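As a plain string of letters, each chain reads:
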Amino acid sequence: MGTIRPGSNFAQMISLALGLFSLVLCGSFLNKLKNFLPYNLGAGFLLLLIGEFVDLGNFHEHIGISLCAVFVCAGLTTRERARPSRNLFLYSLLQYTSQWSIGLGGYLVFLLFFKLDPIVALAPAAGLSGGHGSAAFLGEVFSQRGNEAAYDLLMFSATVGVMIAVLGQVLLAKRSSIQYDLFSINRFKGSWPSWVLVVLICGLSIVLSEVVLNYLKFKIPYFVFGFLISTVVKSQAMFRTVDSGGVSNLASELLIVFGVGSISLSNIKDELVPLVGLILLCVVVAFIFYKWIGLKLFGEDSFLMALFTWGWSMAGIGISVGAINSINPDKAQLVLKRYAPVYFLIAPIELTLLLLAPFMVFKTNIFLSFTIFALISLAIILYLKPQVAENS
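Residues numbered from 1 in each chain as written. Predicted model: local features only at pLDDT ≥ 70, side-chain atom pairs only at ≥ 80, totals over all residues. Heavy atoms only, no water.

## Points about the overall build of the chain
Helix and strand content of the chain: 16 helices and two strands. Whereas a compact globule of 392 residues would reach a radius of gyration of roughly 21 Å, the chain reaches 20 Å, a difference of no more than 12%. Referenced to the eigenvectors of the C-alpha coordinate spread, the extents of the chain come out at roughly 60 × 50 × 45 Å. Within the chain, buried positions represent 51% of all 392 residues. Contacts in the chain between residues far apart in sequence, at least 24 positions, make up 80% of those at least 6 positions apart. Accessible surface, the chain: about 18,400 Å² in total, of which carbon and sulfur atoms supply 68%. The positive charge centre, built from 25 side chains, and the negative charge centre, built from 19, are 7 Å apart in the chain. (Helix = DSSP H or I, 4+ residues; strand = E, 2+ residues; numbered from the N terminus. Rg over C-alpha atoms; globule rule 2.2 N^0.38 Å. Buried < 20%, exposed > 50% of the residue type's maximum accessible area, 1.4 Å probe, protein only. Contact = heavy atoms within 4.5 Å. Areas by Shrake-Rupley, 256 points an atom, 1.4 Å probe, with all protein chains shown as cover. Lys, Arg positive; Asp, Glu negative; His and termini not counted. Charge placed at Lys NZ, Arg CZ, Asp CG, Glu CD.)

## Remarks on the packing of aromatic side chains
With the rule as written, the count across this model stands at 15 aromatic pairs. An angle of 85° between the planes, with centres 6.1 Å apart, marks the rings of Phe71 and Phe227 as edge-to-face. Placement of Phe71 in helix 3 (residues 60-76) and of Phe227 in helix 9 (residues 222-234) is noted, with a sequence separation of 156 residues between them. For the pair Tyr91 and Phe298, a centre-to-centre distance of 5.8 Å together with 65° between the ring planes defines the contact as edge-to-face. Remark: Phe298 occurs in the loop between helix 12 (272-292) and helix 13 (302-315) and Tyr91 occurs in helix 4 (residues 86-110); sequence separation between them is 207 residues. Comparing Tyr91 with Phe298 shows no difference in burial state: the two are buried. (Phe/Tyr/Trp six-rings, centres within 6.5 Å; stacked < 30°, edge-to-face > 60°.)

## Section: the nonpolar core
Membership of the largest hydrophobic core comes to 117 residues, with the highest contact counts inside it found for Leu23, Trp100, Leu122 and Leu138. Sorting elements by how many residues they give to this core places helix 7 (residues 149-172) first, with 13 residues. Among all residues touching Leu23, those that are not within four sequence positions of it are Tyr39, Asn40, Ala43, Phe183, Phe188, Leu250, Glu253, Leu254 and Val257. (Core = buried A, V, L, I, M, F, W, Y, C linked by side-chain atoms within 4.5 Å.)

## Let's talk about the side chain of Ser66
By the element assignment, Ser66 lies in helix 3. With residues near it in sequence (within four places) discarded, Ser66 still touches Ala251, Leu254 and Leu255.

## A short note on the confidence of the model for the chain
Atomic detail in the predicted coordinates should be set aside for any region of low pLDDT. Of the residues in the chain, 91% reach a pLDDT of 70 or more, and the chain-wide mean stands at 83. For the chain, per-element mean pLDDT is lowest for strand 1 (residues 2-3), which scores 42, and highest for helix 16 (residues 366-391), which scores 94. A low-confidence stretch, residues 1-7 (pLDDT under 50), is modelled with 18 contacts involving residues beyond four sequence positions or located in other chains. (pLDDT = per-residue confidence, 0-100.)

## Some words on the environment of Gly259
Structurally, the position occupied by Gly259 is in helix 10 (residues 245-261). In this structure Gly259 comes out as buried when scored by relative accessible area, which is 0%. Residues Gly259 and Leu154, 105 residues apart in the sequence, show an inter-C-alpha distance of 9.2 Å. Filtering out sequence-adjacent residues up to four positions away, Gly259 remains in contact with Ile63, His132, Met155 and Leu254.

## Focus on helix 10
Since the α-helix packs 3.6 residues into each turn, any two residues three or four apart lie on the same face. For helix 10, which comprises 17 residues, the first-to-last C-alpha distance of 24 Å matches the rise-based estimate of 24 Å (1.5 Å per residue) to within 8%. The buried fraction of helix 10 is high, at 14 of 17 residues. (Expected span 1.5 Å × (residues − 1).)

## Things to note about the packing of helix 5 (residues 119-127) against helix 7
With their axes 8 Å apart at the nearest point, helix 5 and helix 7 run at an angle of 40° to one another. Here helix 5 is positioned oblique relative to helix 7, judged by the angle of their axes. As helix 5 runs across helix 7, the sense of the crossing is right-handed. Mapping the contact onto sequence places Ile119, Val120, Ala123, Pro124, Ala126 and Gly127 in helix 5 and Ala150, Leu153, Leu154, Ser157 and Ala158 in helix 7. Split into classes, the residues belonging to the contact of helix 5 with helix 7 amount to nine nonpolar, two polar and no charged. (Axes fitted to C-alpha atoms, helices over the stretch in contact; angles between N-to-C directions. Parallel < 35°, antiparallel > 145°, perpendicular 65-115°, else oblique. Left-handed = near helix turned anticlockwise from the far one by under 90°. Nonpolar A, V, L, I, M, F, W, Y, C, P; charged D, E, K, R; others polar.)

## Notes on the environment of Leu351
Summarising the element assignment, Leu351 is placed in helix 15 (residues 329-360). With relative accessibility at 30%, the residue Leu351 sits in the partly exposed group. With 310 residues separating them along the chain, Leu351 and Leu41 place their C-alpha atoms 24 Å apart.

## Here's the deal with the pattern of salt bridges
Counted by the stated rule, this structure contains two salt bridges. Here Arg187 and Glu253 are joined by a salt bridge, their closest N and O atoms 2.9 Å apart. With Arg187 in the loop between helix 7 and helix 8 (192-216) and Glu253 in helix 10, this residue pair connects regions lying 66 residues apart in the sequence. A salt bridge links Asp301 to Arg338; the nearest nitrogen and oxygen atoms lie 3.6 Å apart. Within this pair, whereas Asp301 is found in the loop between helix 12 and helix 13, its partner Arg338 is found in helix 15, the two being separated by 37 residues in sequence. You can call Arg338 partly exposed: its relative accessible area is 30%. (Salt bridge = Lys/Arg side-chain N within 4 Å of Asp/Glu carboxyl O.)

## Comments concerning the packing of helix 3 against helix 8
In a pair of packed helices, the angle between the axes and the distance between the axes together describe the arrangement. For the pair helix 3 and helix 8, the least separation of the axes is 10 Å and the interaxial angle reads 120°. Overall, the two elements helix 3 and helix 8 adopt an arrangement that is oblique. Where helix 3 crosses over helix 8, the two elements pack in a sense that is right-handed. Contacts from Ile65, Cys68, Ala69, Val72, Cys73 and Leu76 in helix 3 reach Leu197, Val198, Ile201, Cys202, Ser205 and Ile206 in helix 8. Residues belonging to the contact of helix 3 with helix 8 are distributed by class as follows: eleven nonpolar, one polar and no charged.

## Observations regarding the environment of Pro124
Note on placement: Pro124 falls in helix 5. A sequence separation of 22 residues divides Pro124 from Ile102, and the C-alpha atoms of the two residues are 7.9 Å apart. Apart from the residues lying within four places of it in its own chain, the contact partners of Pro124 are Gln99, Gly103, Ser129, Ser157, Leu278 and Cys282.

Take a look at the structure:
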């Protein structure tokens, strides 16, 4: 195996170039095959394969910067106020809380038979419904606490989630394949002021993170500073029309590419069986919710709404959009319009839980956390039950 000194500037440049090369190559190749697989996932697998022959070290720095750029773009995005659907919010929240309860409860059971890393309890919710973004977020938090294996466990969970989402959408939609978004350089285009602004905020975030590390001896992830700074910048009138969509698209793509490429199976082999077991249990529960709640809760749009939420609960929003857009482009826009205000309610809850996650896995807190999530899930089911029965 060839070796490039991990952590060197040369290694970082080469790995970034390989990530971009993998994205373009897989995107162009899968375009010719009607994009039956998300091209960013294929690019991640290609980068993972390259890593078997050339040791580029880990991709944590690229993941951290990509995640920071995503949060900066989120802070710069104008949020349109709309009234969210209560049923869609509760159904989405149910998918999320059930994964937390399965992860925490399953961890307590598996702990009787295996010696496990506590991150296993958090991997299903952070990796599946949270996707590679939440996996990177939580991986960064745990890496600051000295748990380097957290990245591998979380990214593995997120990657398996994407594959399950793709296969599930094909089977549930009863189609031979789902066509995901085509790769195009135009997806990454944007005005030069937006690119300059995002780069400057990311650079400032990195500097502030390093300053805090040097003087206070602990590191705050780049994305924390990035989101705070971009939110302040957005409040200034001259920056309110900045469109950072192209930057956000590229950062999100690279986050998945480097996230998949960073997985080291040797680091998760001891937790592989219980982790896969928890993921499969989440899949079974999500299917039950899809079949007996989702398909009966949203009237004539129940199928697409339930299919969208299935994809979201397994792999995040991006994968869901590709599936429903392939089936019915016109309806897909309506689904996204209905989900947008719900997302802005779910996102703060998700962010708060990810920040609290390290405290949930304290020995004295695991059972309490499991109980709270299980009770919330049960309460939502009981609330939705009469409406589901009425539509049956």
